[in-house]
Amino acid sequence: MIDLNDNLESPIKLLISFNKLLNHYEDLAKSDDEFQAAKAKRVLKTAAAYPELRDGFSKLSVLKEREKEIGIILQDSFSQVLTKNEIKTASVPFHNLIFNSSERFKNIIKEAGDDFELTIKNMPEDDRYIIACTIILAFCYGYNMNFKRPFYYEIPDRNGIMQYYKILYNADFTEIVPTEKAPKITQSDVDELLDNFENIELWKEKFPKDSYLFKGFVISNIFNVTDDQSISNIKTALIGEDKRKSEVFMSNFHDIFRSLLGLNNIRVGFSIYNEEEDQFDRVYGEQMNSFLLGKKDCVSCSGVLCSYSYKRLLEDKKFYSISDVDKLYELSKGKAPQIKTLKDQAIKSAIFAPIANEDGLMGILELVSDQPKALNSINANKLNDVMPFIVSAVERSKNEEANLIEAIIQQECTSIHPSVYWRFEKEARNFIKAQLNGVEPNFNKIGFDNIYPLYGQIDIKGSSEARNHATQKDLGLQLSAIKSIIDEASKLEQLPIYEQYLYQINDFLEGLNSNFQVDSEQQISAFIKDDIDPVLAHLQAANQLTHQIQSYFNQIDEKVEVLYKHRKLYDDTIALINKEMAALLDKKQVDAQAMYPHYFERFKTDGVEHNMYIGESITKEESFNPIYLYNLRLWQLQVMVEMENAFYLMQSDFPVKLDVASMILVFNQPLSISFRMDEKQFDVDGTYNARYEIVKKRVDKAYIKGTTERVTQKGKISIVYSQKQDEIEYKRYIKFLQAKKYLDDDMEIVELQDLQAVTGLKAIRVSVLYHKENNDKDFYTYDDLMQEVNN
């Protein structure tokens, strides 16, 4: 750089000049103090030999050539006595150039390292032109735009720790004068500029490049404010709790902003942005207002903002200011909603600042005044210094609110499916709102009307018989082990009680094989606990049959305190089947939810059951169409077939060989469901709708009319229905899946025997086609598959 003004886009042309300082020395030269007068004359004599020092220069070479003379002129301003204590520089505005400094400043820069580049922080590069214009307005025209923002240096110390230095400028020795290129600035120009801080072309029109001449220099008095800055950072991290409930919070907040902006007649408000609804919500709490919403609790963003302000705040996330509400009301003819809202509240000027982080808009900070032009696009920029603190506070507040909502939902309800979570969240917000307003909160009933149910199950066939068989085996083994010990004990001690125990054991063993009853397991367990365990303890204490008794106890499960071998295999099989089937269903549900949101829940019993509800009241949007119901029914049928295939592919890995049967229940009438707070689950509403629940609980045990054959059979899908239109619909689905080789061609329609309070049910049954492997091209019926597996 050769000239100060090289690459400098500014309305001000810079000249370094010591004219105003030399004028001061001219006064001192006339002083009665001989020492002061002599010193002043020496400075004036030094400067007189080089007119450019008074007239001004912009060539950097002059600084080098006249370094000695400049040092003499600035000798009093940079006292040698204080040079190692004061942090002080001489420079020109809007420039990182420093041509004189104290020793302490030099040492600070030296410790920062050779690669450190000194730059002024908080001086936005894009706004330097406009900032220069505001300085011109103050210096030349007396318009104080109140654009005083603190400027800092961030300089690392010798340990690399960042130190913060605040800069205070002394502009006593500067002058700014207009040139021939400078247009005359009027009040009308100033009014126009107040609302157009970012309109750089307008500013350049009023203040052309190099249209004003800066002569002089500035002295920067610099102070280390690292401690203050650190304290401020700590305060930001430790924002107080329960701000909404504090009576003094908003009062203090008003005072803070009044000090920040130097305005006494301003008020502060907030509104929260609800992204899901695209609306602004009121912040509830002590003395908290929203001037954007007026008296309303919530308003859609498009309903409270015009298109420009909407884009400004929500999309660009920039300040939006109105310096003269009345003027804009007339210009917009009262059609701009935000202007009308402010005018209705007798507000004359306002600033709306978006509270936003990387994730998006969270809310709006609202500053209003009853004086026109008090708030404008220029002093709106002073909010740049406090918005990070506000953003941090709102982030924390939102996290706390989210946690509170979650806690209320968990307390009042249970784990909630995502499709209906919005409804619980809405009710939780009302719950919090009531608390903050001092009203007794009540978590209202949550229900959904006109929704269509879908039910399906993959049931383990013969699970009761399989468990009974496992129980018989375990009890038989345990009784046989006990019989062996008692038999040996009777040889050691010929006690009649041992004979009675042996008789009882033989009777139990015979009953297990010929007449196993529901209470047989309980009777045998009670006999072992009450009669046998004390005998075994007696024998152990007598040190008799120790090895046999220890071997017996090694077979006893510590948790259930019985022989738990075959029953464990059965229980492990059931658990594994349920785990695998539920995991597959959950995985498929992700795709189904992407097609159209719906409520889903599943239960693990002896198999896996699932409920689904679909309808407009669940999705909250006016987007439901019957095609989504038909799509979900087809999806359900196809997934049930896939679950059948998955089961038989892994059947050989199960400890106990079991079979499954699948069933779908079709109910073609919409119904209503509501959340039962006591049971923490959804249930159907109304007497007619209750019929659906009755059918669900009984239908899988139903028989085909006139036979003893259950409607559900292994290797088949059973679709239970009552209406002819359901039959026609599912025949289409079956034909489609037959074409895809999911189902066999043996579809049959059967009538079901009447159930208690339920008549007229039918079922479509069709065989599933299976694959031996995931990529197997061959298709097998159940009987084919079993024959193939067993060969």
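Residues numbered from 1 in each chain as written. Predicted model: local features only at pLDDT ≥ 70, side-chain atom pairs only at ≥ 80, totals over all residues. Heavy atoms only, no water.

(A) Just the overall build of the protein, in detail. Scanning the protein from N- to C-terminus turns up 27 helices and 23 strands. Counting all 791 residues of the protein, 47% fall into the buried class. With an accessible surface of roughly 40800 Å², the protein has 47% of that area assigned to carbon and sulfur atoms. (Helix = DSSP H or I, 4+ residues; strand = E, 2+ residues; numbered from the N terminus. Buried < 20%, exposed > 50% of the residue type's maximum accessible area, 1.4 Å probe, protein only. Areas by Shrake-Rupley, 256 points an atom, 1.4 Å probe, with all protein chains shown as cover.)

(B) Representation of the side chain of K215 within the structure. Within the fold, K215 resides in strand 7 (residues 212-216). Despite its burial, K215 remains without a salt bridge, the nearest opposite charge being carried by E175 at 4.6 Å. Ignoring any residue separated from it by four or fewer positions in sequence, one finds K215 in contact with L15, S17, R54, D55, F173, T174 and E175. (Lys, Arg positive; Asp, Glu negative; His and termini not counted. Salt bridge = Lys/Arg side-chain N within 4 Å of Asp/Glu carboxyl O. Contact = heavy atoms within 4.5 Å.)

(C) Representation of the sheet that holds strand 13 (residues 349-357). Taken together, the six strands give an open sheet; going across it, the order is 11-10-9-14-13-12, and neighbouring strands pair in antiparallel fashion. Edge positions in the open sheet fall to strand 11 (298-300) and strand 12 (320-322), since each of these has one partner strand only. Between one strand axis and the next, the sheet turns through 25° on average, direction left out of account. Pairing between strand 9 (residues 266-274) and strand 14 (residues 360-369): seven bridges, direction antiparallel. Bridge pairing links V268 to L367 in strand 14. Sheet strands in contact with helix 13 (residues 307-315) are strand 9, strand 10 (279-282), strand 12, strand 13 and strand 14, and its direction is about 140° off that of strand 12. Packing against the sheet, helix 15 (residues 337-344) makes contact with strand 12, strand 13 and strand 14, and its axis sits at approximately 50° to strand 12. (Pairing = 2+ DSSP bridges. Axes fitted to C-alpha atoms, helices over the stretch in contact; angles between N-to-C directions.)

(D) Representation of the packing of aromatic side chains in the model. Taken as a whole and assessed by the stated rule, the structure comprises 22 aromatic pairs. Both rings, one in F151 and one in Y169, keep their centres 6.4 Å apart while their planes meet at 65°; by these two values the pair is edge-to-face. On the criterion of sequence distance, the pair formed by F151 in strand 4 (residues 151-156) and Y169 in strand 5 (residues 162-170) is long-range, its members being 18 residues apart. Residue F151 is classed as buried on the basis of its relative accessible area of 13%. Aromatic pair F647 and F654: ring centres 5.6 Å apart, planes at 40°, arrangement tilted. (Phe/Tyr/Trp six-rings, centres within 6.5 Å; stacked < 30°, edge-to-face > 60°.)

(E) Seen up close, the environment of F516. Relative to the assigned elements, F516 resides in the loop between helix 19 (496-514) and helix 20 (520-541). On a C-alpha basis, the gap between F516 and N468 in space is 8.3 Å, while along the polypeptide they are 48 residues apart. Beyond its immediate sequence surroundings of up to four residues, F516 is in contact with N468, T471, Q472, L475, G511 and E521.

(F) Summary view of the sheet that holds strand 6 (residues 174-178). Ordered in space as 1-7-6, the three strands form an open sheet in which the pairing is mixed. With one partner strand each, in any of the chains shown, strand 1 (12-16) and strand 6 form the two edges of the open sheet. The average angle at which neighbouring strand axes cross in this sheet is 20°, direction not considered. Bridge count for strand 6 against strand 7 is five bridges, and the pairing is antiparallel.

(G) Structural detail: the pairing of strand 21 (residues 716-721). Within strand 21, six of the six residues are buried, which leaves it mostly tucked inside the rest of the structure. Pairing analysis gives four bridges linking strand 18 (residues 659-666) to strand 21, with the strands arranged parallel. Residue pairing for strand 21: I664 is matched across the bridge by I719.

(H) Seen up close, unusual backbone geometry. Backbone geometry places A346, a non-glycine residue, at a positive phi of 60°. Take A346: it is sitting in the loop between helix 15 and strand 13.

(I) The arrangement of the pattern of salt bridges in detail. Applying the stated rule across the entire model yields 34 salt bridges. Across the pair R158 and E111 runs a salt bridge whose closest N-O atoms are separated by 2.6 Å. With R158 in the loop between strand 4 and strand 5 and E111 in helix 6 (residues 103-112), this pair connects stretches of sequence that are 47 residues apart. Among the ionic pairs, E488 bridges to K491, the shortest N-O distance being 3.7 Å. Linking E488 with K491, this pair stays in helix 18 (residues 463-492), spanning three residues, or about one helical turn. Residues participating in the shared-partner salt-bridge network are D189, E192, E205 and K206.

(J) Geometry of the pairing of strand 17 (residues 607-614). Counted residue by residue, strand 17 has seven buried out of eight residues, so it is predominantly covered. One ladder, built from eight bridges, connects strand 15 (residues 447-461) with strand 17; its direction is antiparallel. The residue bridging G456 from the neighbouring strand is H610, located in strand 17. Where strand 16 (residues 599-605) lies against strand 17, seven bridges are found, and the strand directions are antiparallel. Each bridged residue has a counterpart across the sheet, and for E601 the counterpart in strand 17 is N611. The hairpin turn running from strand 16 into strand 17, its antiparallel successor, is one residue long.

(K) Summary view of the packing of helix 18 against helix 20. With their axes 11 Å apart at the nearest point, helix 18 and helix 20 run at an angle of 25° to one another. Relative to helix 20, the element helix 18 is oriented roughly parallel. As for how helix 18 packs across helix 20, the hand of that crossing is left-handed. In contact with R467, T471, L475, Q478, L479, I482, I485, I486 and A489 of helix 18, helix 20 contributes E521, I524, I528, I532, V535, L536 and L539. For the contact of helix 18 with helix 20, the per-class residue count stands at twelve nonpolar, two polar and two charged. (Parallel < 35°, antiparallel > 145°, perpendicular 65-115°, else oblique. Left-handed = near helix turned anticlockwise from the far one by under 90°. Nonpolar A, V, L, I, M, F, W, Y, C, P; charged D, E, K, R; others polar.)

(L) Representation of the packing of helix 18 against helix 22 (residues 566-595) within the structure. Contact pair helix 18 / helix 22: the axes reach a minimum separation of 7 Å and the direction vectors enclose 155°. Classified by the interaxial angle, the pair formed by helix 18 and helix 22 is roughly antiparallel. Contacts between helix 18 and helix 22 involve S463, A466, R467, A470, T471, K473, D474, L475 and L477 from the first element and H566, R567 and Y570 from the second. In the contact of helix 18 with helix 22, the residues fall into five nonpolar, three polar and four charged.

(M) Focus on the side chain of H610. With respect to the secondary-structure elements, H610 resides in strand 17. Judged by relative accessible area, H610 falls into the buried class, the value being 2%. Beyond its immediate stretch of four places on either side in the chain, H610 contacts L454, Y455, G456, Q457, L585, F600, E601, R602, Q636 and M640.

(N) Local environment of the environment of L194. The topology assignment puts L194 in helix 8 (residues 187-194). Separated by 180 residues in sequence, L194 and A374 have C-alpha atoms that sit 9.9 Å apart. In this structure L194 touches M145, S323, K373, N376, S377 and I378, once residues within four positions along its chain are discounted.

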